[in-house]
Amino acid sequence: MGSLILVAGARPNFVKIAPILHALKRRSSLRPTLVHTDQHYDHAMSGVFFEQLGIAEPDVHLHVGSGTHGAQTARIMLAFEEHLLGLRESPRGVVVVGDVNSTLACALVAAKLHIPVAHVEAGLRSFDRSMPEEINRIATDAISDLLLVSEPAGMANLQAEGVAPERVRYCGNVMIDTLVEQLPAARALDMPRRFAVSQHGYAVVTLHRAANVDEPPRLRALLLLIEKLARRMPVVFPVHPRTRARMGELAPSDAIRFTEPLGYREFLGLVDGAALVLSDSGGIQEETTFLGIPCLTLRTSTERPITVSRGTNVLAGNDLDRAWQHVEGMVSAGRRMTSVEGWDGRAAERVVDALIERWGR
Ligand code: UD1
């Protein structure tokens, strides 16, 4: 049986690889090996996801940790190359997911060793190259053999870039597979009660993107917006370590319920009960669209335009006073159930179909 390497490094990756690993194990023509780069290494950012999503202990840890983009990417490349060169038998392929530094670094190493690469969540484009993730997406797609697409815009973008159609396959959204599987357990936690807020009567906030948290004036302006919201309804804000480090000098507001990063189920349960979500995340735009919850995305662009056209997601842009004007309307509009092709809990099966077709025989 041929082997396949799956790479995961940062929090959103774990949510994406879990259903792919489960689907690979249900079929038996490719044996998966899991490599964790340790881009995220804290229990709250990594271990708890493995526990809750039923992912076995990784076969290999690369122990790269944090650093500047160049240093982190280079360390991942050195360690992953050493791992691949040490294997007795070359894998049939390497599967990378999403758009983090681990995604690009491992795709680059594999491609240079002539090992075929599959990219899950290919084709997404924010058209904003100041985002490190946009560079990761473009470069990873350019060197991947198999481009597995999660939303319709991904197909259009790859076609516009002239990618040969035989490299591309629409599979749908593996993150939604995990959501569908975990939602009953998440609801059973009754997270609103844990935070002493009423169902559909509070907002959830997350913030971690460099463009929002690395410049004190922008971070301060966003915190003022969140305080304004907290005067309108209770706000629960699980704080990413990058943001926690930057918030040090800023006086925290009493009105906002700050908390440590939450586990997957706890966070999903909290979002599921919310009236509104404010976030700069990629995946949360999709999760709120699937759940029909209004989401104000604290960015100027999105690589996931289906979330906007379905009407659940609004881009805040740079003018936060204007963004505030959306809030009341979004809250009173309430939930809006929609559907997206392939966001059905079975995307990982289609990913595995594509992998087996290519490498499983
Ligand atoms: C990374 C991804 C981003 C993704 C996010 C999800 C890239 C370029 N960025 O951003 O796309 O949305 O993950 O969280 O890959 N830290 C800890 N403990 C950890 C991990 C990080 O304390 O387990 C702190 C460190 O101070 C580190 C900082 O967080 O320097 C940033 O971590 P890093 O992996 O560089 O990027 P993220 O901001 O998490």
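Calculation rules
- Residues numbered from 1 in each chain as written.
- Predicted model: local features only at pLDDT ≥ 70, side-chain atom pairs only at ≥ 80, totals over all residues.
- Heavy atoms only, no water.
- Helix = DSSP H or I, 4+ residues; strand = E, 2+ residues; numbered from the N terminus.
- Rg over C-alpha atoms; globule rule 2.2 N^0.38 Å.
- Buried < 20%, exposed > 50% of the residue type's maximum accessible area, 1.4 Å probe, protein only.
- Near = heavy atom within 4 Å.
- Polar contact = N/O pair within 3.5 Å; in protein donor to acceptor, adjacent residues only side chain to side chain.
- Areas by Shrake-Rupley, 256 points an atom, 1.4 Å probe, with all protein chains shown as cover.
- Nonpolar A, V, L, I, M, F, W, Y, C, P; charged D, E, K, R; others polar.
- Salt bridge = Lys/Arg side-chain N within 4 Å of Asp/Glu carboxyl O.
- Pairing = 2+ DSSP bridges.
- Contact = heavy atoms within 4.5 Å.
- Axes fitted to C-alpha atoms, helices over the stretch in contact; angles between N-to-C directions.
- Parallel < 35°, antiparallel > 145°, perpendicular 65-115°, else oblique.
- Phe/Tyr/Trp six-rings, centres within 6.5 Å; stacked < 30°, edge-to-face > 60°.
- Right-handed = clockwise from strand over helix to strand, strands pointing away.

Visitor: Please provide a residue-by-residue account of the overall build of the chain, values included.
Guide: When helices and strands are tallied, the chain shows 16 helices and 13 strands. Its C-alpha radius of gyration of 20 Å places the chain within 12% of the 21 Å reference for a compact globule of 361 residues. Taking the principal axes of the C-alpha coordinates as reference, the chain spans close to 60 × 40 × 40 Å. Considering the chain as a whole, with its 361 residues, one finds that 58% of them fall into the buried category.

Visitor: A description of the site of the ligand should follow, citing residues and the corresponding values.
Guide: Taken together, 18 residues lie around the ligand, and His40, Asn101, Glu133, His208 and Arg242 are the ones closest in. Within the side chain of His240, a nitrogen or oxygen atom sits 3.0 Å from an oxygen atom of the ligand. Taken by itself the ligand offers 750 Å² of open surface, and the protein chains cover 85% of this. Secondary-structure elements contributing two or more residues to the shell around the ligand are helix 3 (69-85) and helix 11 (241-247). Grouping the constituent residues of the shell around the ligand by class yields 6 nonpolar, 8 polar and 4 charged.

Visitor: Go over the pattern of salt bridges, please, and point to the residues and values.
Guide: Tallied over the full model, the rule gives 23 salt bridges. Note that Glu161 and Arg125 form a salt bridge whose closest N and O atoms lie 2.7 Å from each other. Of this pair, Glu161 sits in the loop between helix 6 (152-160) and strand 7 (168-170) while Arg125 sits in the loop between strand 5 (117-122) and helix 5 (132-143), and the two are 36 residues apart along the sequence. A relative accessible area of 3% places Arg125 in the buried class. Note that Arg299 and Glu303 form a salt bridge whose closest N and O atoms lie 2.5 Å from each other.

Visitor: Give a detailed account of the sheet that holds strand 2 (residues 30-36), specifying residues and quantitative values.
Guide: An order of 3-2-1-4-5-6-7 is seen for the 7 strands of this open sheet, with the pairing classed as parallel. Among the strands making up the open sheet, the edge pair consists of strand 3 (60-61) and strand 7. Of the strand pairs in this sheet, strand 1 (residues 2-8) and strand 2 are connected by 7 bridges, and their pairing is parallel. From the neighbouring strand, Leu4 faces strand 2, where its bridge partner is Pro32. Helix-sheet contacts for helix 4 (residues 101-112) involve strand 1, strand 4 (93-97) and strand 5, and the interaxial angle to strand 4 is about 160 degrees.

Visitor: Outline the packing of helix 7 (residues 174-188) against helix 12 (residues 264-272), supporting the account with residue identities and numerical values.
Guide: Two measures define how a pair of helices packs: the angle their axes make with one another and the distance between the axes. At their nearest, the axes of helix 7 and helix 12 sit 9 Å apart, and the two run at 80 degrees to each other. By the angle class used here, helix 7 and helix 12 are roughly perpendicular. The segment helix 7 lies against helix 12, with Met175, Thr178, Leu179, Gln182, Leu183, Ala185, Ala186 and Arg187 engaging Tyr264, Arg265, Leu268, Gly269 and Asp272.

Visitor: Summarise the packing of aromatic side chains; cite the residues concerned and give the values.
Guide: Evaluation of the coordinates by the stated rule reveals 4 aromatic pairs. A centroid spacing of 6.4 Å and a plane angle of 50 degrees characterise the contact between Phe14 and Phe49, whose relative ring orientation is tilted. On the criterion of sequence distance, the pair formed by Phe14 in helix 1 (residues 11-26) and Phe49 in helix 2 (residues 43-52) is long-range, its members being 35 residues apart. On the accessibility criterion, Phe49 (4% relative accessible area) is buried. Here a set of aromatic residues connected by ring pairs shows up, and it is made of Phe14, Phe49, Phe50 and Tyr264.

Visitor: Describe the sheet that holds strand 10 (residues 256-259), and please don't skip the residues or the numbers.
Guide: The sheet built from 6 strands is open, its strands ordered 10-9-8-11-12-13 with parallel pairing. Each having just a single partner strand, strand 10 and strand 13 (313-315) make up the two edges of the open sheet. Pairwise comparison of adjacent strand axes, ignoring direction, gives a mean angle of 20 degrees for this sheet. Pairing between strand 8 (residues 203-206) and strand 9 (residues 235-238): 2 bridges, direction parallel. Within strand 9, the residue paired with Val204 across the bridge is Val236.

Visitor: Got a sec to walk through the pairing of strand 2? Specific residues and values, please.
Guide: Across a regular strand the side chains alternate sides, sitting on one face of the sheet and then on the other. Burial analysis of strand 2 places 6 of its 7 residues in the buried class, the great majority of the element. The parallel pair strand 1 and strand 2 is bridged by helix 1, and the resulting crossover is right-handed. Bridge count between strand 2 and strand 3: 2 bridges; the pairing is parallel. Bridge pairing links Val35 to Val60 in strand 3.

The quantities given are spatial measurements derived from coordinates; they are silent on function.
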